[in-house]
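Notes for the structure review
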Amino acid sequence: MIRRASLVLVGALMGATAMSVIYSAVAPAEAAGTSTYKELSIFGDVFERVRAQYVTPPQEDKLIEAAINGMLSSLDPHSSYMNAKDAEDMRTQTKGEFGGLGIEVTMDNDLVKVITPIDDTPAAKAGVLAGDYITAIDGQSVRGLKLEDAVEKMRGPVKTPIKLTLLRKGADKPIELTIIRDVIAVAAVKSREEGGNVGYIRIISFTEKTTPDLEAAIAKIKKDIPADKLKGYVLDLRLNPGGLLDQAINVADDVLERGEIVSTRGRNPDETRRFNATPGDLTDGKPIIVLTNGGSASASEIVAGALQDLRRATVLGTQSFGKGSVQTIIPLGDGNGALRLTTALYYTPSGRSIQGTGITPDIKVDQPLPDDLKGKLTSEGESSLPGHIKGQSETDKGSGSSAYMPPDPKDDIQLNYALDLLRGDKTDPAFPPNPEKAVSSK
């Protein structure tokens, strides 16, 4: 029923690109031209001058690492170098459990920006919000630090305190929070009954736990709600930053009978990979509504795009983040870390590249901000990241939207709109989708 991708996949919930779809591969290098080696000789001369004459003896390994990251950061926001420790941390995180505070972050204007706090973690409980800027960690400014270094400072032994200084739009002065570190065991999937006739499933991230957790959630809903009463499912992908490619493929395959799920296309035509669904729909063909917002990125966009193109589900909410690139993890040998390099873009079954545009919902439903957050949260997407790869369909409109999701379901306009559609209390031409209009792959 489930087509297991043969790729070895890795992902990161914290790091320079918290929304990557990434897989591990070893790629051969091509020889550079003569002029390139001349430039490299200049780099060698500069390195020797710095090493020998800088006012204080520099750490040579740090110089090399900084030079590598400078080169990679000039390419796009998601390519980076991981030293041996960073690479090991990433492998640990893909298992869905790691130590720390429970926040997904990126670097913006020399400050650490919070993409989102993960549910039920120390950061979320302490009041850290999406869009906050971390200016200092334990009193030390983050300016001048690489993102990896800032993340490392936020990690530490379980049950130890850390003090974060935050800038928040609309706040009169910096906010200081003391947070106790803990083991972050991230639930990949949460589910519940809604009103005794709808199954609600939220996929929080795409880790190694996602597929088995999803299958368990569907099984429980089917056990708790008789088939003749079950109106359908809400698949909530809001605030889902992405993760493992194989998990996105398996999630889509769980509810599809046939069709292409996603393709990845690199610089050369022979690098194209296509992933197809196999027979077997765990939901027994029940209607599905997928929820998206500006926090839905990468792997979550793969799922939403596949179910939308194949007319298996109706997408409801607001424009997704627009992270449509694939990062290949290239091991560099024992003790040398790994290279995270953007090598391809992914495409939905209809041939759409989501890079810089995102998934446009079939039914647009905005989620208003509460009064205390108005003016404090901004809408951002891939298209707003400096140095991002411009998507083939990207326009001045760009990608992304508000990433706010209310904590109380009764205040969740997007969720309640979906429930009304499933129960027949509302109607819309886009629901249910017409399977005869499913697109063919391109």
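Within each chain, residues carry numbers counting from 1 in the order of the written sequence. Since the coordinates come from a predicted model, pLDDT governs what is reported: local features require at least 70, and pairs of side-chain atoms require 80 or more to be given and counted, while whole-chain, interface and lining totals use all residues. Water and hydrogen atoms play no part in the side-chain values, which are based on all heavy atoms of the structure.

Concerning the packing of helix α6 (residues 210-224) against helix α7 (residues 245-255)
One way to put it is that α6 packs onto α7 with a least axis distance of 9 Å and a crossing angle of 20°. One element, α6, and the other, α7, form an angle in the roughly parallel class. α6 and α7 meet at a crossing whose hand is right-handed. The segment α6 lies against α7, with T210, T211, L214 and E215 engaging Q247, N250, V251 and D254. Tallied by class, residues from the contact of α6 with α7 come to two nonpolar, four polar and two charged. Fitted lines through C-alpha atoms serve as axes, helices being fitted only where they are in contact, and the angles separating the N-to-C directions of these axes extend from 0 to 180 degrees. Each helix is a run of H or I in the DSSP string that is no shorter than four residues. Each strand is a run of E no shorter than two, and both are numbered from the N terminus. The cut-offs work like this: below 35 degrees is roughly parallel, past 145 is roughly antiparallel, 65 to 115 is roughly perpendicular, and the gaps in between are oblique. With the far helix as reference, a near helix turned anticlockwise by less than a right angle produces a left-handed crossing, and one turned clockwise produces a right-handed crossing. It only takes one pair of heavy atoms within 4.5 Å for two residues to be counted as in contact. Residues are sorted three ways: Asp, Glu, Lys and Arg are charged, Ala, Val, Leu, Ile, Met, Phe, Trp, Tyr, Cys and Pro are nonpolar, and all the rest, Gly among them, are polar.

Quick word on the domain arrangement of the protein chain
What the domain assignment reports for the protein chain is domain 1 (98-185) and domain 2 (189-437). Of the residues lining the interface, ten residues belong to domain 1; the matching set on domain 2 comes to ten residues. By convention, the term buried area covers the 1.4 Å-probe accessible surface removed from two parts as they join, with the contributions of both added. Contact with domain 2 buries area across many residues of domain 1, yet K113, D119 and K169 alone supply 42% of it, more than any other trio. Definition used for salt bridges: Asp or Glu carboxyl oxygen within 4 Å of a side-chain nitrogen of Lys or Arg. Inspection of the domain 1/domain 2 interface yields two salt bridges. Between K190 and D120 there is a salt bridge; the shortest N-O distance is 2.8 Å. Domain extents, as shown, originate in an automatic or database domain assignment.

Considering the pairing of strand β4 (residues 103-108)
DSSP calls a pair of strands paired once it identifies at least 2 bridges connecting them. Pairing geometry for β4 and strand β5 (residues 111-117), over six bridges, is antiparallel. Residue pairing across strands places M107 opposite V112, the latter belonging to β5. In sequence, β4 turns back onto β5 through a hairpin of two residues, with N109 there showing a positive phi of about 55°.

Description of the packing of aromatic side chains
Only Phe, Tyr and Trp rings take part, Trp by its six-membered ring, and two of them pair if their centres are within 6.5 Å. Stacked means planes under 30 degrees apart, edge-to-face means over 60, and tilted covers everything else. With the rule as written, the count across this model stands at zero aromatic pairs. The ring of Y200 has R192 lying over it, and the distance from NZ or CZ to the ring centre is 4.0 Å. Comment: the charge-over-ring label is applied if NZ (Lys) or CZ (Arg) is within 6 Å of the ring centre and within 35 degrees of the ring normal. A cation sits over an aromatic face here: R265 above Y347, 4.1 Å from the ring centre.

Structural notes on α7
Helical geometry: 3.6 residues make up each α-helical turn, so side chains three or four residues apart lie on a common side. Relative accessibility decides the category of a residue: with a 1.4 Å probe and only protein chains considered, values under 20% of the type maximum give buried, values over 50% give exposed, and everything between is partly exposed. Counting buried positions along α7 gives eleven out of eleven residues, so the element sits mostly inside the fold. For α7, the full list of buried residues reads L245, D246, Q247, A248, I249, N250, V251, A252, D253, D254 and V255.

Looking at the sheet that holds strand β21 (residues 363-364)
With respect to topology, six strands assemble into an open sheet ordered β11-β12-β13-β17-β18-β21, the strand pairing being mixed. Only two strands of the sheet have a single partner each, and these edge strands are β11 (189-194) and β21. Bridging between β11 and strand β12 (residues 198-203) involves six bridges; their strand directions are antiparallel. Bridge pairing in β12 links E194 to V198. Its contacts with the sheet place α6 against β11, β12 and β13 (232-236), and it is angled at close to 15° to β11. Here helix α8 (residues 299-309) sits on the sheet in contact with β13, β17 (288-292) and β18 (314-317), set at roughly 140° to β17.

Quick notes on the confidence of the model for the protein chain
One number per residue, pLDDT, summarises how confident the predictor is, and it ranges from 0 to 100. Counting all residues, the mean pLDDT for the protein chain is 88, and 91% of those residues have values of 70 or more. Confidence over residues 1-23 falls short of pLDDT 50; this stretch has 115 contacts with residues more than four positions distant or in other chains.

Observations concerning the nonpolar core
Judged by nonpolar contacts, the single largest core of 42 residues is most densely connected at I201, L235, I261 and V290. At the level of elements, β12, α6, β13, α7, β15 (260-266), β17, α8 and β20 (338-347) are the ones that each hand at least two residues to this core. With near-sequence residues (within four places) excluded, I261 lies in contact with I249, A252, D253, L256, F275, N276, A277, I302, A306 and P349. To qualify as a nonpolar core, a set must consist of buried Ala, Val, Leu, Ile, Met, Phe, Trp, Tyr and Cys residues joined through side-chain atoms within 4.5 Å. Residues I103, V114, L166 and I179 belong to the second largest nonpolar core, which totals 20 residues.

Thoughts on the pattern of salt bridges
One pass over the structure, following the stated rule, counts 21 salt bridges. Taking the shortest distance from any N to any O, the salt bridge between R51 and E60 comes out at 3.7 Å. Look at E60 and you get partly exposed, because its relative accessible area is 38%. Two residues, K146 and E65, come together in a salt bridge whose shortest N-O distance is 2.7 Å.

Observations regarding the packing of α7 against α8
At a closest axis distance of 9 Å, the pairing of α7 and α8 adopts a crossing angle of 25°. As the angle between them shows, α7 and α8 are arranged roughly parallel. Handedness of the crossing formed by α7 with α8: right-handed. Only A299, I302, V303 and L307 of α8 make contact with α7, whose side of the interface consists of L245, A248, V251, A252 and V255. A class-by-class count of the residues in the contact of α7 with α8 yields nine nonpolar, no polar and no charged.

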